[in-house]
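Architecture at a glance
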Amino acid sequence: MEAGALIIIFALLVLFAFLGLGAWATVKAVGAAKRGVDRTITQARRTVEDTALKAKSFGQVGVAGALAQLRLDLRTSMRATQQALYQGVQVDASLKESIGLFERLSAHGHELDDELKRLEQEPDRARIGAMLPELKERTGKIKEAADSLRWAARDRARRFAEDDLSALSAQIEVESGALRDWSRDSVDDLAAAAAAWDAQQPPAGAGGPTGSAGAAGSAGRAPEPRPALNPTPPQTGYPWQKAPRPETTT
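Residues numbered from 1 in each chain as written. Predicted model: local features only at pLDDT ≥ 70, side-chain atom pairs only at ≥ 80, totals over all residues. Heavy atoms only, no water.

Thoughts on the overall build of the protein
Looking only at helices and strands, one finds five helices and zero strands in the protein. Seen in sequence order, the protein has helices and strands lined up from the N terminus as α-α-α-α-α. The burial tally for the protein puts 17% of its 250 residues in the buried class. Counted over contacts in the protein with a minimum sequence separation of 6, partners at least 24 positions apart contribute 66%. Total accessible area on the protein is roughly 19900 Å²; 61% of this is exposed by carbon and sulfur atoms. (Helix = DSSP H or I, 4+ residues; strand = E, 2+ residues; numbered from the N terminus. Buried < 20%, exposed > 50% of the residue type's maximum accessible area, 1.4 Å probe, protein only. Contact = heavy atoms within 4.5 Å. Areas by Shrake-Rupley, 256 points an atom, 1.4 Å probe, with all protein chains shown as cover.)

Quick notes on the environment of Ala 84
Following the sequence through the fold, Ala 84 ends up in helix α2 (residues 63–88). Judged by its relative accessible area of 16%, Ala 84 falls in the buried class. Linking Ala 84 and Ala 153, residues 69 residues apart in sequence, is a C-alpha distance of 7.2 Å. Each residue touching Ala 84, except ones within four places of it in the same chain, is listed here: Arg 150 and Arg 154.

Description of the packing of aromatic side chains
One pass over the full model with this rule turns up zero aromatic pairs. Of note, Arg 154 hangs over the ring of Trp 151, and the distance from its end group to the ring centre comes to 5.2 Å. (Phe/Tyr/Trp six-rings, centres within 6.5 Å; stacked < 30°, edge-to-face > 60°. Lys NZ or Arg CZ within 6 Å of the ring centre and 35° of its normal.)

A few points about the pattern of salt bridges
Applying the stated criterion across every chain yields a total of 11 salt bridges. Residue Glu 115 pairs with Arg 138 through a salt bridge whose shortest N-O separation is 2.8 Å. Of the two residues, Glu 115 sits in helix α3 (residues 96–119) while Arg 138 sits in helix α4 (residues 125–200), which places them 23 residues apart along the sequence. Among the residues examined, Glu 115 registers a relative accessible area of 17% and is labelled buried. Taken together, the salt bridges that share partners define one network made up of Arg 71, Arg 75, Asp 113 and Glu 120. (Salt bridge = Lys/Arg side-chain N within 4 Å of Asp/Glu carboxyl O.)

Re the side chain of Glu 115
A polar atom in the side chain of Glu 115 sits 2.8 Å from the side chain of Arg 138. If we ignore the near neighbours within four places in the chain, the residues touching Glu 115 are Met 131, Leu 135 and Arg 138. (Polar contact = N/O pair within 3.5 Å; in protein donor to acceptor, adjacent residues only side chain to side chain.)

A short note on the nonpolar core
Among the nonpolar cores identified, the biggest contains 21 residues, and Leu 67, Met 78, Leu 112, Leu 116, Leu 132, Leu 135 and Ile 142 are the most heavily contacted of them. When contributions to this core are tallied by element, the ones reaching two or more residues are α2, α3 and α4. Excluding its chain neighbours within four sequence positions, the residues that come into contact with Leu 112 are Leu 74, Leu 135, Arg 138, Thr 139 and Ile 142. (Core = buried A, V, L, I, M, F, W, Y, C linked by side-chain atoms within 4.5 Å.)

Comments concerning the packing of α2 against α3
When two helices pack together, their arrangement is given by the angle between their axes and by how far apart the axes lie. Two elements in contact, α2 and α3, have axes separated by 10 Å at closest approach and are oriented at 160°. The angle between the axes of α2 and α3 places the two elements in the roughly antiparallel class. Read as a crossing pair, α2 and α3 show a hand that is left-handed. Where α2 abuts α3, its residues Leu 67, Leu 70, Arg 71, Leu 74, Arg 75, Met 78, Thr 81, Gln 82, Leu 85 and Tyr 86 lie against Ser 98, Ile 99, Phe 102, Glu 103, Leu 105, Ser 106, Gly 109, Leu 112, Asp 113, Leu 116, Lys 117 and Leu 119. Its residues assigned to classes, the contact of α2 with α3 shows 12 nonpolar, five polar and five charged. (Axes fitted to C-alpha atoms, helices over the stretch in contact; angles between N-to-C directions. Parallel < 35°, antiparallel > 145°, perpendicular 65-115°, else oblique. Left-handed = near helix turned anticlockwise from the far one by under 90°. Nonpolar A, V, L, I, M, F, W, Y, C, P; charged D, E, K, R; others polar.)

So, α3
An ideal rise of 1.5 Å per residue puts 34 Å on 24 residues; α3 measures up with 35 Å between its terminal C-alpha atoms. For α3, the complete set of buried residues consists of Ser 98, Ile 99, Phe 102, Leu 105, Ser 106, Gly 109, Leu 112, Asp 113, Glu 115, Leu 116 and Leu 119. (Expected span 1.5 Å × (residues − 1).)

Considering the confidence of the model for the protein
When pLDDT is averaged across the protein, the result is 77; 66% of the residues are at 70 or more. Confidence, expressed as mean pLDDT per element, reaches its minimum in the protein at helix α5 (residues 211–217) with 48 and its maximum at α3 with 93. (pLDDT = per-residue confidence, 0-100.)

Okay, structure coming up:
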């Protein structure tokens, strides 16, 4: 009974664990889908708003057109800087401090963009016209700071790319030289090894310990004739061949 109860409890724990894991995965999937939908809606709203600002800046004159152009310039600069910094920090961790500065700058940018957006609905155009110089100065400061961060990050990335390319080119030159030296050294090593092997061989006509005795013993004998190039092979007898009969003298 106790063993059966333990098995049932273990099975229930495993079941609850699977149910909890499934619920957690479902919540994560729903959250990711919601964030994706929110991101898509935000991008679509931003695209529509930027298109409307472009239309206002080109189609309207006076205060309304100036406000639209200021907002368009501000948003374009801030968005480009944000993209450059957040993409660059993936390969260069030192840009984290620049991102912190950009987030502080973004707070001023959002505040100015909201103010410009409210002024677009302001009916007192004369008052807005008097505020335009100050608004242009604020927009210029924020835009200049954002551009400075963006171009600094791009210059840093380009410098790193140039340094890496220079180092890579130097390594390739060294490797190319090593390959050429390796080919020449291999041929020289083979020639040196062959010369050393030839030097170790005994001279022609020299024998071992019995060389002198052998030479003295063979001095009185005539030299054996050298075999012909194509010597006649010895005749081989086969079992089925008959032995030749001896010739009779009678």
